[in-house]
Amino acid sequence: MDSIEGKTALVIGGSGGIGSSVCEALAACGVHLIIHGGSESKRFDVLAEKLGQKVRVETRIQRFESGFLADFASMPLYKDAQKADIICVCFGPFVQKALEDTDSADWERAALNYLLPGVIVSAALRPMIKRSWGRFLFFGGTRTDRINAFRTNAAYAGAKTALSSLVRSVALTYAAQGITCNAVLPGFTCTEYVSENERKKRAAQMPQKRLLEPNEIADAAVFLLRNPMLNGVLLPVDGGWAPDFGQNTGNYI
């Protein structure tokens, strides 16, 4: 296992949910942080202040508006990606609609699950190659480690499946330069973004009858980041969930 103490990590979508737990786990390893959030909030301030007592912390506010990728090279996040040793993309907009109800804005939003990590990879690779060390960690979706059919979230799942291809491509191509690329595929997770009713519904569908905790996802993330021989891994962290377990949601075929 590699020590990642003293490295610098850019965590996109790190201000809340799974992303904030990833930031906490990295800080516990002595990793300096550049934490991205979509907007200012008291919660974000508290997180940055708390982690700043352990490691160096910078914060970035950047909303991902329509068409922003065309100007990405002029944004602070681009420079952050070039200086970071570790890049975690926790941001991933969820779209759950039947295909006949999915409009162009939904498609553009869902596509960010693939396009944003792709742009970040391209920005960061040359500096990582120069340093002969780099770590990418992305977050996929349930059952997106291979081609599957989806009833009500095909746009989102399609982008996450493409992300799995990106993970394997980076891993294969740049392993000799000391660069790894992996993804965690989380199951139903208890975060502040999930309503109480949704938590109860999803917990009933889990084999353990409970949702995953964000720190359980973060522990898996750090494990992947520290082990150089784990490369191209698409790691389900879902408690063994399957779409036909318990009450079928109807989301998957």
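Residues numbered from 1 in each chain as written. Predicted model: local features only at pLDDT ≥ 70, side-chain atom pairs only at ≥ 80, totals over all residues. Heavy atoms only, no water.

### Regarding the packing of helix 1 (residues 17-28) against helix 2 (residues 42-52)
Helix-helix packing is described using two parameters, namely the angle between the two axes and the distance between the axes. Between helix 1 and helix 2, whose axes approach to 10 Å, the crossing angle comes to 10°. Relative to helix 2, the element helix 1 is oriented roughly parallel. Here Ser20, Cys23, Glu24 and Ala27 of helix 1 lie close against helix 2, whose contacting residues are Leu47, Lys50 and Leu51. Of the residues in the contact of helix 1 with helix 2, the class split is four nonpolar, one polar and two charged. (Axes fitted to C-alpha atoms, helices over the stretch in contact; angles between N-to-C directions. Helix = DSSP H or I, 4+ residues; strand = E, 2+ residues; numbered from the N terminus. Parallel < 35°, antiparallel > 145°, perpendicular 65-115°, else oblique. Contact = heavy atoms within 4.5 Å. Nonpolar A, V, L, I, M, F, W, Y, C, P; charged D, E, K, R; others polar.)

### Side note on the environment of aspartate 85
Structurally, aspartate 85 is set in the loop between helix 3 (76-83) and strand 4 (86-89). Taking the C-alpha atoms as reference points, aspartate 85 and arginine 131, separated by 46 residues in sequence, lie 8.7 Å from one another. Those residues within four positions of aspartate 85 in sequence are excluded, and the remaining contacts are Lys7, Thr8, Met128, Arg131, Trp133, Gly134 and Arg135. Here the side chain of aspartate 85 touches arginine 131 through a polar contact of 3.3 Å, side chain to side chain. (Polar contact = N/O pair within 3.5 Å; in protein donor to acceptor, adjacent residues only side chain to side chain.)

### Some points on the pairing of strand 2 (residues 32-37)
Walk down a regular strand and you will see the side chains alternate between the two sheet faces. For strand 2, a buried count of six out of six residues is recorded, marking the element as mostly surrounded by other parts of the structure. Alternating residues of strand 2 divide into His32, Ile34 and His36 and Leu33, Ile35 and Gly37, and every residue in both groups is buried. Taking the sense of rotation as the criterion, the β-α-β connection linking strand 1 (residues 8-12), helix 1 and strand 2 turns out right-handed. Where strand 2 meets strand 3 (residues 57-61), five bridges bridge the pair, whose relative direction is parallel. Note that in strand 3 the partner of histidine 36 across the bridge is arginine 60. Of the crossover connections in this fold, the one passing from strand 2 over helix 2 to the parallel strand 3 is right-handed. (Buried < 20%, exposed > 50% of the residue type's maximum accessible area, 1.4 Å probe, protein only. Right-handed = clockwise from strand over helix to strand, strands pointing away. Pairing = 2+ DSSP bridges.)

### Digging into the pattern of salt bridges
Following the criterion strictly, the structure yields twelve salt bridges and no others. Notably, a salt bridge pairs arginine 60 with glutamate 58, separated by 2.9 Å at the nearest N-O pair. Where glutamate 216 meets arginine 210, a salt bridge forms, and the shortest distance between an N and an O atom there is 2.8 Å. On the accessibility criterion, glutamate 216 (27% relative accessible area) is partly exposed. If you follow the salt bridges from partner to partner, you end up with Glu58, Arg60, Asp80 and Lys83 in one network. (Salt bridge = Lys/Arg side-chain N within 4 Å of Asp/Glu carboxyl O.)

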